Amino acid sequence: GRWVMTQRRQFTVLMQGLPSALTAERIQRLESLGFTWSVRPEPASTWNRRFQELKAYNAAHSNCLVPQRYRVNPQLGTWVHTQRRQYKLMKEGKKSSM
């Protein structure tokens, strides 16, 4: 909820070296409960998971032509579309995450 969001925001502020209401003691107490500071997985782990899914798709279909709206795994379809879009931007000399 809102309180958890505030703790995460205060942690980010603290990590940026700015004044924060979050103390070392509070951080320790939250971490002792298994509190997660980031709700998003690391980008590298997400990328690797989607790559493994693409390998499985390739093994089953003998290609990597995942439809953008792939009903079996919508996230994979979106990920493949994003990879193609970023590759195209890179090849055009535009800003890309690749």
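See the structure above.
Residues numbered from 1 in each chain as written. Predicted model: local features only at pLDDT ≥ 70, side-chain atom pairs only at ≥ 80, totals over all residues. Heavy atoms only, no water.

Below, the discussion takes up the pattern of salt bridges. Side-chain pairing between opposite charges can occur once the charged atoms of the two side chains come close. Applying the stated criterion across every chain, the model contains three salt bridges. The salt bridge partner of Arg50 is Glu53, with a shortest N-O separation of 3.1 Å. Linking Arg50 with Glu53, this pair stays in helix 3 (residues 43-61), spanning three residues, or about one helical turn. Taking the relative accessible area as the measure of exposure, Arg50 reaches 13% and is therefore buried. Under the relative-accessibility criterion, Glu53 is labelled partly exposed at 22%. Across the pair Glu92 and Lys94 runs a salt bridge, and its minimum N-O distance is 3.4 Å. (Salt bridge = Lys/Arg side-chain N within 4 Å of Asp/Glu carboxyl O. Helix = DSSP H or I, 4+ residues; strand = E, 2+ residues; numbered from the N terminus. Buried < 20%, exposed > 50% of the residue type's maximum accessible area, 1.4 Å probe, protein only.)

The end-to-end C-alpha separation of helix 3 is 26 Å, in line with the 27 Å expected for 19 residues at 1.5 Å each. Turning to helix 3, its buried residues are Arg50, Leu54 and Tyr57. Angular distribution of buried residues about the axis of helix 3 spans 55°; they occupy a single face of the element. Facing away from the buried side of helix 3 by over 90 degrees, the exposed positions are Ala44 and Ala59. The inward-facing, buried residues of helix 3 abut helix 4 (74-91). (Expected span 1.5 Å × (residues − 1). Arc of directions from axis to C-beta. Contact = heavy atoms within 4.5 Å.)

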